[in-house]
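Overview (structure and organization)
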Amino acid sequence: MAITPESAQSEVIRLGKSEPSTTMLDAKGYNGNILLPDDLAIRIEDLSITYKINVDTKKTLKNAVMRASKGEKVRMRTVEAVKRVSLDIPHGSVVGIVGANGAGKSTLMRSIAGIMPPTTGRIIVNGKISTLLALGVGFNPSLSGRDNIILGGLAAGLTRDEIESKTDEIAAFADLPDGFIDMPVRTYSSGMYGRVAFAVSVSMTPDILLLDEALSAGDAAFKEKSFLRMRELVQEARTILIVSHALATISDLCDTAIWMHKGTILAHGEPGKIVEEYLKFLEVGTLPSNLEDM
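Residues numbered from 1 in each chain as written. Predicted model: local features only at pLDDT ≥ 70, side-chain atom pairs only at ≥ 80, totals over all residues. Heavy atoms only, no water.

1. Section: helix H4 (residues 160-174)
Given 3.6 residues per helical turn, the α-helix brings residues three or four places apart onto the same face. Between its terminal C-alpha atoms H4 stretches 20 Å, which fits the 21 Å expected from 15 residues at 1.5 Å a residue. Buried residues of H4: Ile163, Lys166, Thr167, Ile170, Ala171, Phe173 and Ala174, and no others. Turning to H4, the residues buried within the fold contact helix H3 (145-155), helix H5 (190-202) and helix H6 (220-235). Within two residues after H4, aspartate 175 carries a phi angle of roughly 55 degrees, on the positive side. (Helix = DSSP H or I, 4+ residues; strand = E, 2+ residues; numbered from the N terminus. Expected span 1.5 Å × (residues − 1). Buried < 20%, exposed > 50% of the residue type's maximum accessible area, 1.4 Å probe, protein only. Contact = heavy atoms within 4.5 Å.)

Structure follows, in structure tokens:
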């Protein structure tokens, strides 16, 4: 397990054990194409993300009007969600991300997906991304599950013919009760939402798959089927990033893991060792002695 001192947070952490490639190619960045070693799926350079939140306890129209009449400003607090993270993720890596709530895991994933832009720094992606970062995001509740599968495929960059050829396969994987795939998704339970969303995400043959607590969708049988599908993607050498509090999944599926703490990468390395240290932290509520000054 490698510890990342706070003073070295902007230094690039390369995951895995392979040597960096010297061959460069054009890859997609926020501000156009950027040269990137051809063995990398994702490069994160000195990434920081901050945002402001309203800390008023009573967010009502009445209070807003009264505050405006008195010339009072809305009380805001700046959140430093991610702090100077630099990371190289080679193609074929299966990366587990652990950390307490508020550690910055989901913010990092959203930024890699292009949903949340960096405040400073940049992210370069080499490949097609499929995401499952929140249950049913992007679904139209008035449309059927089948129609939402088509919308999801189009959003992922597939042609209509390509996604229509996969629709029956995706519907079969979701395995909803009879008739529900052709009913509006507003009639779905949260488990049914999760089944369809996961089925769409893993059926798009992505180069890079981002999953945030997605493996917890559905009942035990569906979770087992989801796990087996993830195994297939791993064997196909897809690049996969998984945020999960199911630490056994991180240990079983991933070949490397990072531990995020207060917006920074506290440690990275072999999943079993990272999970072991993180579990110790959860049990005692304080960082292990070798990490407490980080």
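On we go from here.
2. Considering unusual backbone geometry
Although it is not a glycine, arginine 84 adopts a positive phi angle of roughly 50 degrees. You can call arginine 84 partly exposed: its relative accessible area is 41%. Residue lysine 262 is not a glycine yet carries a positive backbone phi of 55 degrees. Here lysine 262 is to be found in the loop between strand E12 (256-261) and strand E13 (264-269). With relative accessibility at 58%, the residue lysine 262 sits in the exposed group.

3. Comments concerning H3
Those residues of H3 that fall on the buried side of the exposure criterion are Gly145, Asn148, Ile149, Ile150 and Gly153. Tucked inside the fold, the buried residues of H3 contact H4 and H5. Backbone geometry just downstream of H3 places glycine 157 in the positive-phi region, at approximately 100 degrees.

4. Some points on the pairing of E13
Successive residues of a regular strand alternate their side chains across the two faces of the sheet. Taking burial as the measure, the six residues of E13 include six buried ones, the bulk of the element. Bridging between E12 and E13 involves five bridges; their strand directions are antiparallel. Counterpart to histidine 261 in the pairing with E13 is threonine 264. Between the antiparallel neighbours E12 and E13 lie two residues, among them lysine 262 with a positive phi of about 55 degrees. (Pairing = 2+ DSSP bridges.)

5. Structural notes on the side chain of aspartate 88
Tracing the chain through its elements places aspartate 88 in strand E6 (residues 76-90). In this structure aspartate 88 comes out as buried when scored by relative accessible area, which is 5%. Separated by 2.8 Å, the side chains of aspartate 88 and arginine 43 make a polar contact. Beyond its immediate sequence surroundings of up to four residues, aspartate 88 is in contact with Val12, Ile13, Arg14, Leu15, Leu40, Ile42 and Arg43. (Polar contact = N/O pair within 3.5 Å; in protein donor to acceptor, adjacent residues only side chain to side chain.)

6. Focus on the packing of aromatic side chains
Under the definition given, this model contains eight aromatic pairs. Plain terms: the ring middles of phenylalanine 173 and phenylalanine 222 are 5.7 Å apart, the flat faces sit at 75 degrees to each other, and that makes the pair edge-to-face. Residue phenylalanine 173 is found in helix H4, and its partner phenylalanine 222 is found in helix H6; the two are separated by 49 residues along the sequence. For phenylalanine 222, a relative accessible area of 2% translates into the label buried. Feature note: the residues Phe173, Phe198 and Phe222 constitute an aromatic cluster, connected by ring pairs. Sitting over the face of the ring of phenylalanine 173, lysine 225 holds its NZ or CZ atom 5.0 Å from the ring centroid. (Phe/Tyr/Trp six-rings, centres within 6.5 Å; stacked < 30°, edge-to-face > 60°. Lys NZ or Arg CZ within 6 Å of the ring centre and 35° of its normal.)

7. Focus: the packing of H5 against H6
Relative orientation of the contacting elements H5 and H6 amounts to 10 degrees, with a least axis distance of 11 Å. As the angle between them shows, H5 and H6 are arranged roughly parallel. Here Arg195, Phe198 and Val202 of H5 lie close against H6, whose contacting residues are Phe222, Ser226, Arg229, Met230 and Leu233. Across the contact of H5 with H6, the residue classes break down as five nonpolar, one polar and two charged. (Axes fitted to C-alpha atoms, helices over the stretch in contact; angles between N-to-C directions. Parallel < 35°, antiparallel > 145°, perpendicular 65-115°, else oblique. Nonpolar A, V, L, I, M, F, W, Y, C, P; charged D, E, K, R; others polar.)

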